[in-house]
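Observations on the three-dimensional arrangement
If you want the building blocks of each chain, they are given just below.
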Amino acid sequence: MYLFDYHMHSDHSTDGQDSIMKMSTAAAGKGLREIAISDHFEPTLGNEAYPSYDAEKYFREIKEANEMFGQKIKIKTAVELGQPHVFPEYSLSLIENHNYDYVIASAHKMSDNTDFGDLVYSRENLDDNCGKYLTELENLAGWNKFDCIGHLDLVKRYASRYNIEAKLIHYREKLENILKTLIENGKGIEINTSGLRQSAKECMPGYDILRFYKELGGEIITLGSDAHNHFDVGAGIADAVELLRTAGFEYMTVYEKRKPEMIRIAQEKTFWFQAQRTA
Ligand SMILES: [Zn+2]
Ligand SMILES: [Zn+2]
């Protein structure tokens, strides 16, 4: 089975712990065939240009890692843009001036800088919080300059810390609009496996949204661990493949210079169980 991990953070992200070389070494050791290191570009009010992100150094280090591991694993250039629809000029300038293979767009914060992780979640305000999140997703999908949306039902992660289940499938009409926008524009989603390691205990998104995406005609799906250290590289990827298969998908997607390539999900399970064991 061709296993890949298309969402991870090195020490180029403020919350990442390990170097690009260390993340790549871990990925090669775990038998992954391809990774995309997607460090944060996260402009905020008052820090719109996000100068701490050093694209030149990032591209240099990816090149060095490819020189080291090129025979064994493909190391793709990627970025996770946080709320690029809020400060579009900075995100656009970054991706237009650099040759990324893959661009993730995520809604971490509202336009007033409030992080969805900093909201208090209760049964009383759940509809309100989910509504705010879906509005950001709608605007993000409309921005349309990315390849895939990151961790589509992110509020699930935060609500679960309050023992509350946030299910975006309950807001079917809004979710449908967002997914249809993505599908019509040839954009995709990812299965982000970090939820398996956190209190939500399921991938983002989970089975119900994946089924809905498929029913609407969605086909493009990447897989990512959202690892912030080398230990988590590849974590849950084998489970994500199984989830995709269960939800009725036959293909998963990788990118080369912003172009999607479909990879057929193999029928046999042996290889990825093997890969999971070494992970
Ligand atoms: Zn994210
Ligand atoms: Zn991330």
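That block above? That's the structure.
For the structure given in this document, a descriptive report is provided here.

About the thresholds
- Residues numbered from 1 in each chain as written.
- Chains lettered and ligands numbered in written order.
- Predicted model: local features only at pLDDT ≥ 70, side-chain atom pairs only at ≥ 80, totals over all residues.
- Heavy atoms only, no water.
- Helix = DSSP H or I, 4+ residues; strand = E, 2+ residues; numbered from the N terminus.
- Rg over C-alpha atoms; globule rule 2.2 N^0.38 Å.
- Buried < 20%, exposed > 50% of the residue type's maximum accessible area, 1.4 Å probe, protein only.
- Areas by Shrake-Rupley, 256 points an atom, 1.4 Å probe, with all protein chains shown as cover.
- Lys, Arg positive; Asp, Glu negative; His and termini not counted.
- Charge placed at Lys NZ, Arg CZ, Asp CG, Glu CD.
- Donors = N, O, S within 2.8 Å, 3.2 Å for Na, K, Ca; no water.
- Pairing = 2+ DSSP bridges.
- Contact = heavy atoms within 4.5 Å.
- Axes fitted to C-alpha atoms, helices over the stretch in contact; angles between N-to-C directions.
- Tetrahedral: all angles 85-135°; square planar, octahedral: opposite > 155°, others 65-115°.
- Phe/Tyr/Trp six-rings, centres within 6.5 Å; stacked < 30°, edge-to-face > 60°.
- Lys NZ or Arg CZ within 6 Å of the ring centre and 35° of its normal.

This part is about the overall build of the protein. In terms of helices and strands, the protein carries ten helices and nine strands. The C-alpha atoms of the protein give a radius of gyration of 18 Å, which matches the 19 Å a tight globule of 279 residues would have. Within the protein, the fraction of its 279 residues that count as buried is 57%. Summed over its atoms, the accessible surface of the protein is roughly 11900 Å², and 47% of this surface lies on carbon and sulfur atoms. Considering the protein, the positive charge centre built from 32 side chains and the negative charge centre built from 44 side chains are found 6 Å apart.

This paragraph deals with the coordination of the zinc ion (ligand 1). The coordination sphere of the zinc ion (ligand 1), as far as protein atoms go, consists of Glu80 (OE), His108 (NE2) and His151 (NE2), spread over 2.1 Å. Taken in chain order, the donor set of the zinc ion (ligand 1) reads E-x27-H-x42-H. Here the zinc ion (ligand 1) and the zinc ion (ligand 2) are spaced 3.4 Å apart, with Glu80 acting as a shared donor. Here Glu80 is found in strand β3 (residues 74-82), whereas its partner His108 is found in the loop between β4 (102-106) and α4 (126-143), with 28 residues between them in sequence. By relative accessible area, His108 is classed as buried at 9%.

Now for the sheet that holds strand β6 (residues 188-192). Across the sheet, seven strands lie side by side as β1-β2-β3-β4-β5-β6-β7; this open sheet has parallel pairing. Unpaired on one side and paired on the other, β1 (4-5) and β7 (221-224) mark the two borders of the sheet. Two elements, β4 and strand β5 (residues 148-149), share two bridges in a ladder whose sense is parallel. Paired with Ala105 across the two strands is Ile149, which belongs to β5. Running over the sheet, helix α3 (residues 88-97) touches β2 (34-41), β3 and β4 and is turned about 165° from β3.

This part takes up the coordination of the zinc ion (ligand 2). All of the protein donors around the zinc ion (ligand 2) are His7 (NE2), His9 (NE2), Glu80 (OE) and Asp226 (OD); their distances to the metal are 2.0 to 2.4 Å. Given four donor atoms and angles of 82 to 170° at the metal, the environment of the zinc ion (ligand 2) is assigned as irregular. Mapping the donors of the zinc ion (ligand 2) onto the primary sequence gives the spacing H-x1-H-x70-E-x145-D. The class for Asp226 is buried, based on a relative accessible area of 7%.

Another aspect to go through is the packing of aromatic side chains. Throughout the structure, instances matching the rule amount to 13 aromatic pairs. Note on Phe4 and Tyr6: the rings are 5.3 Å apart at their centroids and 75° apart in plane angle, and the pair reads as edge-to-face. The exposure class of Tyr6 is buried, given its relative accessible area of 0%. With 6.3 Å between their ring centres and 40° between their planes, Tyr58 and Tyr100 make a pair best called tilted. Within this pair, whereas Tyr58 is found in helix α2 (residues 55-69), its partner Tyr100 is found in the loop between α3 and β4, the two being separated by 42 residues in sequence. Looking at Tyr58, the relative accessible area reads 0%, which means it is buried. By relative accessible area, which is 2% here, Tyr100 ends up buried. An aromatic cluster is built from Phe41, Tyr50, Tyr53, Tyr58, Phe59 and Tyr100, whose rings are joined through pairwise contacts. One Lys or Arg, Arg172, reaches over the ring of Phe212 and ends 4.3 Å from the middle of that ring.

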